[in-house]
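# Fold and contact review
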Amino acid sequence: MENLQLSLRPQQSSEEADNSLPSLLGRIHAQRGPEAFREFTEESLQAEIDGKDKEELPDAEAAKPDDDFDISEEVKMKRAKMEEGRIAILTCIGSAIQETQSSLDYISLILTQYQPELAAASLSQGVKGQIPLQCLSLDRVAYEPSQNELSQHRVLSRTWKTEALNTSADLLRNAGQRIGREALKEKKFWGEVMGIKERGWTIVQRRGGVAVKYGFTEASPEFKNKGVGPLKRGEDGSIIVEEVNLFAGKEKHLRVRYLVGGAVKGSAIRQYTTDASSAVESEILKARDHLFETEIFFELMREARTLASHDIHTADDSITIQICRDKAIKIDLISESEMQEMEKPASTPGQLFTEGICHALHILLCYNHNRVLERRSAAPVPLGLPKPSLYPLFILRSLTTYLHHNERTENLSNYISKITSLCRSAGLISNYTLSTKPPTLRNPPTNTTSTSIVNQFNNPFETNVTLTLPGPYVFTITMSTQITPPLHGSIYKVTPSSSPSGLISIAPSALSVSTYTTFEDLQVYLRWLLEMSVLQEILNKNPLRETEGGLRAGWEQIGSSNEAVYMKGRRTEATVKVVVEEDDVLLVRGEKRIFGRWDGEVGQPTMWEVVERLQVPGKPVV
Amino acid sequence: MAGVIPRRFQGPSLASPSPQTKATSTNIHVHVHIASPLTIIITKKTPKGIITTTRISNDPNKPHDPRAQHGSHTRPTMQELSLFAAVPHSRVPQVLRILSTWTQMKPQPILTHHLIYKPKRPRPPVGTVTNAQEMYHLQLVSTIDDEEEVKKEEDVKHDDYVNRQKWTLRFTDIPEGGRRNVTSRSVMMAEVEEGDVLAFMDALGYVFVSSYLTSGHTLIHNDLTLSLTELLLPPMGTSPHNCDPFPLTKHNRLEPSGTHVLQASVNVAKNSDVDCLTAGSKSLEDFARKVRGIVELEPGDRLGLDTRSKEFAS
């Protein structure tokens with residue numbers, strides 16, 4: 001009971017409670033709501049009171065058996081203990097009241113000496129009746145302590161002083177040790193800070209402390225201020241990089257996937273190699289890489305939204321670049337855990353291609369950072385003139401131009417090679433050469449900086465095909481690709497060589513330069529050119545002229561069509577039509593039957609054989 | 001014509017309203033042809049029959065030439081707002097470092113050559129233009145490439161210096177009067193695209209007075225151009241024909257103690273654009289407040305920046 005603590009503050013009197021009618025009304029209103037006094041009669045009140053009694057009664061009865069049966073021994077012990085405690089508390093309170101009362105009486109009795117009226121008021125009735133007032137007094141006593149007492153006091157005070165000094169010494173020693181420990185921690189902290197600085201990181205002041213700057217100065221405003229990590233001292237004095245810890249384990253990586261017909265042919269993530277000297281630095285490096293990856297994705301998204309017309313779409317937190325109908329590049333951000341789930345891909349051509357794209361995206365962002373720096377350090381545009389904006393950056397546009405151009409070059413080269421093989425299978429002369437500017441990524445130029453390489457890829461791409469058709473007639477097909485203005489895609493220009501003189505007579509329009517914006521249009525034009533040049537070959541071989549017997553015999557074109565007739569005298573011996581069909585098959589046919597058909601396979605009779613047979617009437621045609 | 005190039009910018013030979021004018025200097029016939037409002041072509045015919053042409057242009061649509069003088073976006077006219085401060089030689093590296101940190105870029109070294117010209121004779125008053133007699137100095141400004149780089153080009157002839165350089169003809173007005181927080185003056189520039197620039201100046205009626213070099217560094221921060229430079233004077237007797245600045249050691253500092261001048265400037269496209277002028281001077285004042293204690297930037301002395309010519313060359 002020694003530890004029992006009691007408040008001696010008087011209990012608040014319940015008499016002070018406000019029982020006035022307005023207050024009661026207010027409380028009833030608050031308790032029972034606005035409906036309280038509606039249809040309220042004496043009977044209803046009585047009924048309510050009775051109802052309450054009845055409600056309470058069963059509760060009390062129900063509670064009783066619990067007391068008898070359910071209460072465990074432990075609870076009973078607790079109750080007994082509580083009862084004991086209650087009695088003890090009451091005893092203590094009683095004695096405290098007793099003592100306070102007697103002290104009050106004692107002091108009041110003394111004070112009656114000086115202010116009898118006032119002091120008497122605080123005397124208890126019992127004392128007042130038994131002891132006369134002003135019978136107790138007090139005064140200062142001259143007291144001379146004895147030598148014994150003095151020495152005792154001295155010893156006491158000395159002991160206390162010693163104790164106090166000891167305590168102070170202990171405190172100081174502790175403080176000293178603490179400072180020592182702190183100093184060691186600080187030394188370790190600043191040593192590590194210097195270590196980071198010596199590794200080339202920028203240390204800046206931030207929010208009353210120091211911070212390491214790992215972001216990119218030339219990043220867009222959304223990312224510029226993110227790359228600063230305040231350096232805090234840990235428990236043992238080692239550095240904690242606050243911002244970095246925020247996304248530790250949540251690092252994101254840019255994933256590039258190459259889909260052909262919906263199947264993943266390659267999947268690449270930039271693998272960072274670190275040469276970090278410490279754990280802190282590797283953390284910072286990780287944070288920087290994370291920042292760079294997210295920045296690429298952010299910039300790609302920003303750019304992709306402007307390029308929907310070039311088959312670049314953003315959906316499901318990913319960007320899809322549709323290269324052609326069944327080939328697509330998909331770019332998204334994945335977390336570390338998803339990265340581990342990825343299978344290790346084999347080094348197939350598709351995988352190498354995907355890795356190249358992934359590298360290109362990173363290089364292009366660096367290149368754009370350089371552009372921002374260049375722009376920032378160039379002479380400013382005078383105020384009042386429009387300031388050209390650098391955003392969105394040139395990442396997707398450069399890459400997509402390259403991809404589209406590559407794809408279209410492949411299409412073009414396939415088509416041209418098909419045409420030439422057609423002609424060769426028909427025994428005609430035809431070939432082509434192809435050159436691309438700038439060089440493709442497969443064999444990049446050497447001895448140049450990354451900036452000069454990227455600059456090369458930012459100019460319009462150009463592929464030149466020199467096509468020799470039977471005749472021989474030479475045409476140059478120039479394909480330029482640029483997805484920014486003014487081209488907005490690919491453009492095909494077909495230029496005849498200096499002297500396609502033979503074609504003038506039968507197809508004058510082949511002489512002019514033709515420009516097409518779709519590959520399909522170009523195909524139609526090339527088919528027509530082929531038809532015309534083959535027809536011209538037939539005409540050249542045996543043109544309509546007077547023979548030895550004075551007869552006119554030979555081939556003649558009908559109008560300016562792709563048909564020719566073989567005339568002998570006034571009689572038409574044969575009619576042929578040169579057709580290149582849409583599935584790229586060269587046909588020499590009459591009105592109802594096909595005389596010759598070439599689809600690129602060797603071992604068929606040449607066109608000359610077919611034509612010569614036609615010239616001889618009655619000779620069967622294969 | 002007068003709407004594009006202010007009257008005071010015109011030389012005596014250009015004063016005539018006729019688009020084609022003939023001016024005669026000693027034994028040389030110069031034919032001035034104004035091809036477009038922004039381009040002037042001068043054809044020079046010497047007694048030996050040699051014809052050379054000079055073309056100057058201030059066409060704003062022309063692509064920016066990286067070799068052009070720093071800070072000169074080729075605009076016909078600009079209003080230049082600026083503040084100046086003197087930086088003692090000992091403090092130059094420190095100030096440069098502070099500014100470099102603030103602008104987050106490396107200081108770009110700059111070396112420019114200035115040739116000062118003044119009019120030969122008073123321009124005859126035309127019409128009722130007031131201040132008809134007021135004449136101004138003109139400057140030919142060019143950025144000099146790094147000495148090392150020039151040396152690499154082995155077949156460079158020293159006497160070819162003037163024609164090798166890319167010159168910009170610059171006219172700077174006297175700063176506007178009145179109590180102002182920043183110095184405000186209009187600047188007009190025209191790039192010399194091809195031809196003999198010295199003959200052109202002669203035909204324009206201007207005569208060479210002196211030359212100097214400014215050497216130092218520039219920094220850019222948003223719209224603010226900061227240049228920390230010092231003035232170098234060529235040795236006595238330098239004329240435009242032998243003004244090759246290399247080696248630089250032959251020059252003397254204008255300020256022997258090596259004091260540099262820090263100029264903070266903002267260009268405004270139109271001097272009637274009050275909003276931009278206010279924004280420009282505000283950004284200058286903000287900058288001055290930021291660097292207070294490091295350098296004390298103040299408006300320049302108006303009369304010290306006077307470009308008027310008090311007397312004419314004989």
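Bear in mind that the values here come from a model prediction, so they are computed numbers and not experimental data. (Residues numbered from 1 in each chain as written. Chains lettered and ligands numbered in written order. Predicted model: local features only at pLDDT ≥ 70, side-chain atom pairs only at ≥ 80, totals over all residues.)

We now examine the overall build of chain A. The number of helices and strands found in chain A is 16 helices and 20 strands. Across the 622 residues in chain A, those meeting the buried criterion constitute 22%. (Helix = DSSP H or I, 4+ residues; strand = E, 2+ residues; numbered from the N terminus. Buried ≥ 20, exposed ≤ 12 C-beta atoms within 10 Å, placed from the backbone.)

This next bit is on the overall build of chain B. Secondary structure assignment for chain B yields 5 helices and 13 strands. In chain B, which comprises 314 residues, the share counted as buried stands at 29%. Across chain B, every contact between residues at least 6 apart in sequence was considered, and the portion connecting residues at least 24 apart equals 71%. (Contact = placed C-beta atoms within 7 Å.)

Residues and elements named next belong to chain A. The strand order across the open sheet built from 6 strands is 15-16-17-18-19-20, with neighbouring strands paired in antiparallel fashion. The outermost strands of the open sheet, each flanked by one partner alone, are strand 15 (545-546) and strand 20 (594-598). In this structure, strand 17 (residues 563-568) lies alongside strand 18 (residues 571-580), joined through 6 bridges in antiparallel fashion. In the sheet register, Y566 faces strand 18, and the bridge partner there is A574. The strands that helix 15 (residues 519-541) touches are strand 16 (552-557), strand 17 and strand 18; relative to strand 18, the one it contacts most, it runs at about 150 degrees. (Pairing = 2+ DSSP bridges. Axes fitted to C-alpha atoms, helices over the stretch in contact; angles between N-to-C directions.)

Looking now at the interface of chain B and chain A. Listed by partner, the interface residues are 22 residues for chain B and 10 residues for chain A. Mapped by element, the contributors of at least two residues to the side of chain B that touches chain A are strand 13 (260-268) and helix 5 (274-290) of chain B. Here the residues of the side of chain B that touches chain A sort into 8 nonpolar, 10 polar and 4 charged. (Nonpolar A, V, L, I, M, F, W, Y, C, P; charged D, E, K, R; others polar.)

This part covers the environment of B:P107. All names here are of chain B. By the secondary structure assignment, P107 is in the loop between helix 1 (92-103) and strand 6 (108-119). Here P107 falls in the partly exposed class, since 18 other C-beta atoms lie within 10 Å of it. Once the C-alpha coordinates of P107 and L219 are considered, the two residues, 112 residues apart in sequence, prove to be 5.4 Å apart. Not counting the four nearest positions on each side in its chain, P107 is found in contact with L96, S100, H217 and L219.

A word on the nonpolar core. Residues and elements named next belong to chain A. Ranked by internal contacts, the top residues of the largest apolar core, which has 45 residues, are L300, I357, L361, L364, I395 and L399. Among the elements that take part in this core, helix 9 (residues 279-304) stands out by supplying 9 residues, more than any other. Taken domain by domain, this core gets at least three of its residues from each of domain 2 (202-375) and domain 3 (397-615). Ignoring any residue separated from it by four or fewer positions in sequence, one finds L364 in contact with I395, S398, L399 and V454. Counting residues in each nonpolar core, the second largest holds 39 residues, with L428, F475, V610 and L614 among its members. (Core = buried A, V, L, I, M, F, W, Y, C linked by C-beta atoms within 7 Å. Domains from an automatic or database assignment.)

On to the sheet that holds strand 10 (residues 431-437) of chain A, then. All names here are of chain A. Ordered by their spatial adjacency, 5 strands build an open sheet running 10-11-12-13-14, and the pairing between neighbours is antiparallel. The sheet is open, and its two borders are formed by strand 10 and strand 14 (514-516), each paired with just one other strand. For this sheet the average axis-to-axis angle between neighbouring strands, irrespective of direction, equals 15 degrees. Pairing geometry for strand 10 and strand 11 (residues 461-469), over 7 bridges, is antiparallel. Across the sheet, residue K437 finds its bridge partner in strand 11, namely E462.

Here we take up unusual backbone geometry. In this model, A:Q134 sits at a positive phi of 60 degrees, which is unusual for a non-glycine residue. Relative to the helices and strands, A:Q134 is located in the loop between helix 5 (125-130) and helix 6 (147-198). A positive phi angle, close to 50 degrees, is found at B:N222, a residue other than glycine. Along the chain, B:N222 falls in the loop between strand 10 (206-221) and strand 11 (224-233).

Residue and element names in this part refer to chain B. Here chain B averages 74 in pLDDT, and 66% of its residues register 70 or above. Residue range residues 61-73 is modelled with pLDDT below 50. Its contacts to residues more than four positions away, or to other chains, number 27 contacts. Counting interchain partners and residues more than four positions distant, the pLDDT-below-50 stretch residues 128-132 has 2 contacts. As a predicted assembly, this complex carries a pTM of 0.68 together with an ipTM value of 0.72. (pLDDT = per-residue confidence, 0-100.)

Taking 1.5 Å of rise per residue, the 28 residues of helix 11 (residues 349-376) of chain A would be expected to cover 40 Å, and the 40 Å separating its terminal C-alpha atoms lies within 8% of that figure. Here helix 11 of chain A has its buried residues at A:G350, A:F353, A:T354, A:E355, A:I357, A:C358, A:A360, A:L361, A:L364, A:L365, A:Y367 and A:N368. (Expected span 1.5 Å × (residues − 1).)

Residues and elements named next belong to chain A. Taking 1.5 Å of rise per residue, the 52 residues of helix 6 would be expected to cover 76 Å, and the 74 Å separating its terminal C-alpha atoms lies within 8% of that figure. With 3 of 52 residues buried, helix 6 is to be regarded as a mostly surface element. Looking at helix 6, one finds that the buried residues are F189, E192 and I196. Here the buried face of helix 6 lies against strand 1 (202-206), strand 2 (209-213), strand 3 (228-233), strand 4 (239-241) and helix 9. Immediately beyond the C-terminal end of helix 6, within one or two residues, lies G200, with a positive phi of roughly 105 degrees.

Residue and element names in this part refer to chain A. With their axes 10 Å apart at the nearest point, helix 9 and helix 11 run at an angle of 85 degrees to one another. In this view, helix 9 runs roughly perpendicular relative to helix 11, as classed from their interaxial angle. Side by side, helix 9 and helix 11 meet where E295, I296 and E299 of the first sit next to L361, H362 and L365 of the second. Looking at the contact of helix 9 with helix 11 residue by residue, the classes come out as 3 nonpolar, 1 polar and 2 charged. (Parallel < 35°, antiparallel > 145°, perpendicular 65-115°, else oblique.)

We now examine the environment of A:S561. On the secondary structure map, A:S561 appears in the loop between strand 16 and strand 17. Taking C-alpha positions, A:S561 is 9.5 Å from A:V578, a pair spaced 17 residues apart along the chain.

Moving on to the pairing of strand 19 (residues 586-589) of chain A. Residues and elements named next belong to chain A. Burial of the side chains of strand 19 is restricted to one face: L586 and V588 are buried, whereas none of L587 and R589 on the reverse face is. In this sheet, strand 19 lies alongside strand 18 in antiparallel orientation, the contact comprising 4 bridges. Paired with V579 across the two strands is L587, which belongs to strand 19. Taking the residues between adjacent antiparallel strands as the criterion, strand 18 and strand 19 are bridged by 5 residues, where D584 takes a positive phi near 55 degrees. Summarising the sheet, strand 19 and strand 20 pair through 4 bridges and their orientation is antiparallel. Counted as the bridge partner of L586 is W598 from strand 20. The antiparallel pairing of strand 19 with strand 20 creates a hairpin that spans 4 residues between the two strands.

Okay, the pairing of strand 11 of chain A next. All names here are of chain A. Residues F461, T463, V465, L467 and L469 point to one face of strand 11 and are all buried, whereas E462, N464, T466 and T468, pointing to the other face, are not buried. Relative to strand 12 (residues 473-482), strand 11 runs antiparallel, the two being bridged by 9 bridges. Looking at the pairing, T466 lines up with T476 of strand 12. Taking the residues between adjacent antiparallel strands as the criterion, strand 11 and strand 12 are bridged by 3 residues, where G471 takes a positive phi near 150 degrees.

Attention now moves to the confidence of the model for chain A. Residues and elements named next belong to chain A. Here chain A averages 82 in pLDDT, while 88% of its residues score no lower than 70. At the low end of the mean pLDDT range in chain A sits helix 14 (residues 501-506), at 64; at the high end sits helix 6, at 93. Within the model, pLDDT remains below 50 along residues 59-67, and this stretch shows 1 contact once partners closer than five positions in the same chain are excluded.

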